Amino acid sequence: MIVGEQKPLEEIKEMVADYERILILGCGTCVTVCFTGGEKEAGILASALRMATKIDGQEKAFDEATVQRQCEWEFLDAIEDKIKEHDLILSMACGIGVQAIVERFPEARVAPAVDTTFLGLPEEHGLWTERCAACGTCVLHLTAGICPIARCAKSLLNGPCGGSQNGKCEIDPEVPCAWQLIYDRLKAQGRLDQMLEIIPVKDWSTSRDGGPRKLVREDLRTD
Ligand code: SF4
Ligand code: SF4
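In this text the structure is predicted, and so the values were computed from the model without any measurement. (Residues numbered from 1 in each chain as written. Chains lettered and ligands numbered in written order. Predicted model: local features only at pLDDT ≥ 70, side-chain atom pairs only at ≥ 80, totals over all residues. Heavy atoms only, no water.)

Colleague: What is the right way to look at the sheet that holds strand β6 (residues 114–124) in this model?
Modeller: The strands that make up a sheet pair up through hydrogen bonds in the backbone, lying either parallel or antiparallel. A sheet is described by the order of its strands in space; here 3 strands give the open sequence β1-β6-β7, paired in antiparallel fashion. The strands lining the two open edges of the sheet, one partner per strand, are β1 (2–6) and β7 (127–132). Each strand axis lies, on average, 70° off the axis of its neighbour in the sheet, ignoring direction. Alignment of β6 against β7, held across 5 bridges, turns out to be antiparallel. (Pairing = 2+ DSSP bridges. Helix = DSSP H or I, 4+ residues; strand = E, 2+ residues; numbered from the N terminus. Axes fitted to C-alpha atoms, helices over the stretch in contact; angles between N-to-C directions.)

In structure tokens, the structure reads:
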């Protein structure tokens, strides 16, 4: 899932400063699961902004709505009227949702109320941790299902650096060393010989860092 955090209220207040009729738009999928930008959070943010702007003596109207997914046209089309009747859409979705609104409704002014942070796993209640960095060439079959790109602080592909201590990463004694996890898992599976296989230098052009990515499924396309 995509994990995000709500921006500080002060930053959001600056974004809405020049607008009078603002739609706070929640998203019902990833950001709802991580308690950042769903219906409930949209309501709380709307109340906070109403109070904060009233205290500042500003006349603004904050409306709320939540769609199942802001990253799909069909859900945005269902609230077209709402989008068009507001000066600003304050999106509580990830960055994809914000850009989906911009592309579907080019005239709309849109601002992000959320900082999109990573692709993560809800490890336990109230704790999300990064699991994938969308590198575009998955090597999890070579690393016992532990991602060395997202979970090793140096994204090392061939074993640990010299900083690993007692199974923890040198960046933080609370963070497991990804290569220790890989080693332990390969050992438990009787696959330690895999550690001797060199993973070739990575082609980063397939990564999300290598430029905008596209997935085309010709079998699903209708044009
Ligand atoms: S190897 Fe790449 S695609 Fe696979 S989990 Fe790690 S970052 Fe994601
Ligand atoms: S200690 Fe382990 S996880 Fe941390 S940077 Fe070195 S190899 Fe990567």
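Colleague: Help me understand the packing of aromatic side chains, please; the structure alone is not making it clear to me.
Modeller: Each aromatic ring pair is characterised by the separation of its centres together with the angle its planes make. Enumeration over the complete set of coordinates arrives at 1 aromatic pair. Pairing Phe35 with Trp128 gives two aromatic rings, centres 6.3 Å apart and planes at 65°, and the pair type is edge-to-face. Taken together, the residues span a long stretch of sequence, with Phe35 in the loop between α2 (30–33) and α3 (39–55) and Trp128 in strand β7 at a distance of 93 residues. Between Lys202 and the ring centre of Trp204, over which it is positioned, the NZ or CZ distance is 5.6 Å. (Phe/Tyr/Trp six-rings, centres within 6.5 Å; stacked < 30°, edge-to-face > 60°. Lys NZ or Arg CZ within 6 Å of the ring centre and 35° of its normal.)

Colleague: Quick question: what am I supposed to make of the pairing of strand β2 (residues 21–27) here?
Modeller: Look at any regular strand and the pattern is simple: side chains alternate between the two faces of the sheet. The element β2 is largely enclosed, with a buried count of 6 among its 7 residues. Here 7 bridges tie β2 to strand β3 (residues 61–67), and the two strands are oriented parallel to one another. Note on β3: the bridge partner recorded for Leu23 is Asp63. Examined bridge by bridge, β2 and strand β4 (residues 88–91) share 4 bridges and lie parallel to one another. Across the sheet, Leu23 pairs through a bridge with Ile89, a residue of β4. (Buried < 20%, exposed > 50% of the residue type's maximum accessible area, 1.4 Å probe, protein only.)

Colleague: Hey, could you run me through the pattern of salt bridges in this one?
Modeller: Side chains that differ in sign of charge can pair as their charged atoms come close. Here the structure, examined in full by the defined rule, presents 13 salt bridges. Close ionic contact of Lys7 with Asp115 constitutes a salt bridge, the shortest N to O distance being 2.6 Å. Within this pair, whereas Lys7 is found in the loop between β1 and α1 (9–16), its partner Asp115 is found in strand β6, the two being separated by 108 residues in sequence. When its relative accessible area of 11% is taken as the criterion, Lys7 is described as buried. Between Arg104 and Asp77 there is a salt bridge, and its shortest N-O distance comes to 2.9 Å. Residue Arg104 is found in helix α6 (residues 95–104), and its partner Asp77 is found in helix α4 (residues 73–77); the two are separated by 27 residues along the sequence. By relative accessible area, which is 32% here, Asp77 ends up partly exposed. (Salt bridge = Lys/Arg side-chain N within 4 Å of Asp/Glu carboxyl O.)

Colleague: Is there a simple way to explain the site of ligand 1 in this structure?
Modeller: The local shell around ligand 1 consists of Arg131, Cys132, Ala133, Ala134, Cys135, Cys138, Val139, Leu140, Cys147 and Ile149. When its residues are assigned to classes, the shell around ligand 1 shows 9 nonpolar, no polar and 1 charged. (Near = heavy atom within 4 Å. Nonpolar A, V, L, I, M, F, W, Y, C, P; charged D, E, K, R; others polar.)

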